[in-house]
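Here is how the chains run, residue by residue.
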Amino acid sequence: MQQPSNDALTRMTSLAGKVAIVTGSTSGIGLGIARALAAQGMDIMLNGFGDLEDIERTRRDVEVICPNVQATCSEAVRAHGIRAAYSRADMSKPAEVTSLVAETIDKFGRVDVLVNNAGVQHVEAIESFPPEKWDQIISINLTSAFHAIRAAVPGMKQRRWGRIINVASAHALVASPYKSAYVAAKHGILGLTKTVALETAEHGITCNAICPGYVLTPLVEKQIPETARARGLTEEQVIRDVLLHAQPTRRFVTVEEIGMTASFLCSAGAASITGIALPVDGGWTAQ
Ligand code: NAD
């Protein structure tokens, strides 16, 4: 049987020139993933909220991340580096989710990698959990992924290549009290991940979920006082006895670790990995 040549192996492993959307990438895990994919030579569509000047600084910063695959990049990528654009599309609004995909195709010609990452949290007991928070969390953390995947899959099928990564959570596998909407949305996104994986398996597309444990981002910083109130603890107790207590490594997962996991799931080595929930949780869900 013929062995792949070194040239073929290099081409197969190069992600340079691919186009990625990362929803909710103005901070935290999404930004970590956007930076990691930019380092692989991909053009990036950033998305999320925040101060517009800060976001423009972030966009420029992502654009100058030197692709570490320079040797295997196309002429254009070698000459001009990668491109990063930004869209303020609101992931709670289906029409804006769909137009984020359209805007990316307008700007960069296609979508090869879709990372559904935007997410929000609210921590409160079920009997007082505000119904509007439930709706908001389900729409941003779950429904937006459905609309984005639905819009991105036809082009991926046409080109017979695509990577869909849903940023779920350890809370897609296990529950914690006071997080009813979040845990429901994250369990739901695993079902969506598996279904899309099956529907796209013969088209060169993979669909996987990354399930991070606790990462110290603004989302977690905000829930520390909320959890302290809900459980009658101090904030220090919440960090030590609730958050890090769940993780046998007793340290927060980093955004860089999640970024590198996403890069791996885009790589040729992960071409047969589809429909999985990949915990990156310091051993939390091994218990
Ligand atoms: P973060 O608050 O740092 O970032 C959230 C991002 O989503 C921001 O860019 C924000 O602007 C964006 N966003 C919020 N609402 C939006 C909307 N309506 N439309 C578009 N963008 C919106 O939070 P993070 O911790 O980086 O969380 C990112 C993802 O990782 C979420 O899906 C979260 O559930 C998941 N996650 C986080 C942790 C953790 O410990 N931080 C653990 C597991 C999973």
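Look a little higher up for the structure.
The structure presented is a predicted model; accordingly, all values stated were derived computationally and were not measured. (Residues numbered from 1 in each chain as written. Predicted model: local features only at pLDDT ≥ 70, side-chain atom pairs only at ≥ 80, totals over all residues. Heavy atoms only, no water.)

## Overview of the overall build of the chain
Then, number 1: Helix and strand counts for the chain stand at ten helices and seven strands.
Then, number 2: For 287 residues, the compact-globule formula gives about 19 Å, and the C-alpha radius of gyration of the chain, at 19 Å, lands near that figure.
Then, number 3: For the chain, the spread of C-alpha atoms along the three principal axes comes to 60 × 45 × 35 Å.
Then, number 4: Out of the 287 residues belonging to the chain, those deemed buried represent 51%.
Then, number 5: Relative to all contacts within the chain whose residues are 6 or more apart in sequence, the contacts with residues 24 or more apart total 74%.
Then, number 6: For the chain, the distance from the average site of its 27 positive side-chain charges to the average site of its 28 negative ones is 5 Å. (Helix = DSSP H or I, 4+ residues; strand = E, 2+ residues; numbered from the N terminus. Rg over C-alpha atoms; globule rule 2.2 N^0.38 Å. Buried < 20%, exposed > 50% of the residue type's maximum accessible area, 1.4 Å probe, protein only. Contact = heavy atoms within 4.5 Å. Lys, Arg positive; Asp, Glu negative; His and termini not counted. Charge placed at Lys NZ, Arg CZ, Asp CG, Glu CD.)

## Regarding the packing of helix H2 (residues 28–39) against helix H3 (residues 52–63)
Then, number 1: As a packed pair, H2 and H3 sit with axes 9 Å apart at the nearest point and diverge in direction by 30 degrees. Compared by their axis directions, H2 and H3 come out roughly parallel. Seen from H2, the contacting residues are Leu31, Ala34, Arg35 and Ala38; seen from H3, they are Thr58, Asp61 and Val62.
Then, number 2: Looking at the contact of H2 with H3 residue by residue, the classes come out as four nonpolar, one polar and two charged. (Axes fitted to C-alpha atoms, helices over the stretch in contact; angles between N-to-C directions. Parallel < 35°, antiparallel > 145°, perpendicular 65-115°, else oblique. Nonpolar A, V, L, I, M, F, W, Y, C, P; charged D, E, K, R; others polar.)

## Overview of empty space enclosed by the protein
Then, number 1: If you walk through the whole model with that rule in mind, you get one cavity of 30 Å³ or more.
Then, number 2: In this model, the largest cavity occupies a volume close to 40 Å³.
Then, number 3: Along the lines of polarity and charge, the residues of the lining of the largest cavity split into five nonpolar, five polar and no charged. (1 Å grid on protein atoms, 1.4 Å probe; cavity = no way out; pocket = protein on both sides within 12 Å on 5 of 7 lines; lining within 4 Å. Points joined across faces, edges and corners; volume = space filled by probe spheres on them.)

## Overview of unusual backbone geometry
Then, number 1: Positive phi outside glycine occurs at Tyr178, with the angle close to 70 degrees.
Then, number 2: With respect to the helices and strands, the residue Tyr178 is situated in the loop between strand S5 (162–167) and helix H7 (180–200).
Then, number 3: Residues other than glycine seldom take positive phi values, yet Arg250 does so here, at roughly 55 degrees.
Then, number 4: Within the secondary structure, Arg250 sits in the loop between helix H9 (235–246) and helix H10 (255–266).

## What to know about the nonpolar core
Then, number 1: Residues Ile33, Leu37, Met42, Ile44, Val62, Val113 and Val115 are the most contacted members of the largest nonpolar core, which totals 33 residues.
Then, number 2: Put simply, the parts of the chain that give this core at least two residues each are strand S1 (19–22), H2, strand S2 (43–47), H3, strand S3 (84–87), strand S4 (113–116), S5 and H10.
Then, number 3: Residue contacts for Ile33: discarding those within four places in its chain leaves Val22, Val115, Val167, Ile258, Gly259 and Ala262.
Then, number 4: Of all hydrophobic cores here, the second largest spans 32 residues; its members include Val19, Ile140, Ala197 and Cys211. (Core = buried A, V, L, I, M, F, W, Y, C linked by side-chain atoms within 4.5 Å.)

## What about the site of the ligand?
Then, number 1: Lining the immediate environment of the ligand, one finds 31 residues, of which Ser27, Asn117, Tyr182, Val215 and Thr217 sit closest.
Then, number 2: Here an oxygen atom of the ligand sits 3.5 Å away from a polar atom, N or O, in the main chain of Gly213.
Then, number 3: Against a free-state accessible area of 830 Å², the protein chains account for coverage of 94% of the ligand.
Then, number 4: Because more than half of its atoms lie within 2 Å of the grid, the ligand is assigned to the largest pocket.
Then, number 5: When residues of the shell around the ligand are traced back to their parent elements, those giving at least two are H2, H7 and helix H8 (218–231).
Then, number 6: Of all the elements, H8 adds the most residues to the shell around the ligand, at three residues. (Near = heavy atom within 4 Å. Polar contact = N/O pair within 3.5 Å; in protein donor to acceptor, adjacent residues only side chain to side chain. Areas by Shrake-Rupley, 256 points an atom, 1.4 Å probe, with all protein chains shown as cover. Sits in = over half its atoms within 2 Å of the grid points.)

## Quick word on the packing of aromatic side chains
Then, number 1: One pass over the full model with this rule turns up one aromatic pair.
Then, number 2: Between Tyr214 and Trp284, the aromatic rings sit 5.0 Å apart at their centres with planes inclined by 15 degrees, giving stacked as the arrangement. Separated by 70 residues along the polypeptide, Tyr214 in the loop between strand S6 (205–212) and H8 and Trp284 in the segment after strand S7 (277–280) bring together distant segments of the chain. The same class applies to Tyr214 and to Trp284, which are both buried.
Then, number 3: Between Lys18 and the ring centre of Trp161, over which it is positioned, the NZ or CZ distance is 4.1 Å. (Phe/Tyr/Trp six-rings, centres within 6.5 Å; stacked < 30°, edge-to-face > 60°. Lys NZ or Arg CZ within 6 Å of the ring centre and 35° of its normal.)

## Topic: the pattern of salt bridges
Side chains that differ in sign of charge can pair as their charged atoms come close.
Then, number 1: Under the defined criterion, the tally for this structure stands at twelve salt bridges.
Then, number 2: Here Asp43 makes a salt bridge to Arg83, at a shortest N to O gap of 2.8 Å. A residue pair is termed long-range when its members are at least 10 positions apart, and Asp43 in strand S2 and Arg83 in the loop between helix H4 (75–80) and S3 qualify at 40 residues.
Then, number 3: Overall, the relative accessible area of 40% leaves Arg83 in the partly exposed class.
Then, number 4: As a salt-bridge pair, Asp241 and Arg240 come within 2.9 Å of each other at their nearest N and O atoms.
Then, number 5: What makes Arg240 exposed here is its relative accessible area of 52%.
Then, number 6: Counted as one network, the salt bridges with shared partners bring together Glu56, Arg59, Arg60 and Glu63. (Salt bridge = Lys/Arg side-chain N within 4 Å of Asp/Glu carboxyl O.)

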